[in-house]
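Observations on chain architecture
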Amino acid sequence: MEWHTEKEKRPMPFTEEQMRQVFDTNLIDFAVKHGYEIEKGDRNTVHVKYSGGLYLFKHGRGYYQFTGGKSGNIIQFVQEYMGIADFKDAVGFILGCRAYEQTEHYVPVAEKEPKGKLVLPEKDRGWTRPLPI
């Protein structure tokens, strides 16, 4: 009698090449394509605006959520933040909407508005103070 686990009975619905494509999809580009706005984070991450503490790694291969301590890859991102809980559906969604082939993402530095000329207030005429008692 042979024993099989449930996983062994079900064939993988995606090829190795398709899974490679999924994991080669840059998470930052994918998130931006689906409406997420990013801003500067630290030297290793970018912050997703209006998300609380959601950060995407600049190498484009994962995320970290400070509130709750969740982290993961692009499939887990789709399951958690795009409402597609099923693994197969999440992988299919990524394959159908792949962002770019690149695996390194460049976040341009935001242009700062020029500051006006520094203007000091006028010198106060009553610069002396009474001594405390």
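Structure: see above.
Heads up: these notes are all about the structure in this document.

Rules of the game
- Residues numbered from 1 in each chain as written.
- Predicted model: local features only at pLDDT ≥ 70, side-chain atom pairs only at ≥ 80, totals over all residues.
- Heavy atoms only, no water.
- Core = buried A, V, L, I, M, F, W, Y, C linked by side-chain atoms within 4.5 Å.
- Buried < 20%, exposed > 50% of the residue type's maximum accessible area, 1.4 Å probe, protein only.
- Helix = DSSP H or I, 4+ residues; strand = E, 2+ residues; numbered from the N terminus.
- Contact = heavy atoms within 4.5 Å.
- Phe/Tyr/Trp six-rings, centres within 6.5 Å; stacked < 30°, edge-to-face > 60°.

With that settled, the discussion passes to the nonpolar core. Residues Leu56, Ile74, Ile75, Phe77 and Ile94 are the most contacted members of the largest nonpolar core, which totals 20 residues. Within the residue set of this core, elements represented by two or more residues are helix 2 (16–24), helix 3 (27–33), strand 2 (45–48), strand 3 (54–57), helix 4 (74–81) and helix 5 (87–96). Those residues in contact with isoleucine 75 that sit more than four places away from it in its chain are Met19, Val22, Phe23, Phe87, Ala90, Val91 and Ile94.

A separate point is unusual backbone geometry. One non-glycine residue, tyrosine 50, adopts positive backbone phi at about 60 degrees. Structurally, tyrosine 50 can be placed in the loop between strand 2 and strand 3. According to the relative accessible area criterion, tyrosine 50 is exposed, its value standing at 73%.

The way to describe two aromatic rings as a pair is by their centre distance and the angle between their planes. Going through the model one piece at a time under the given rule, you end up with seven aromatic pairs. Between the aromatic rings of phenylalanine 30 and phenylalanine 93, the centroid separation amounts to 6.1 Å while the plane-to-plane angle is 90 degrees, which identifies the pairing as edge-to-face. You can see phenylalanine 30 sitting in helix 3 and its partner phenylalanine 93 sitting in helix 5, a full 63 residues away along the chain. The class for phenylalanine 30 is buried, based on a relative accessible area of 0%.

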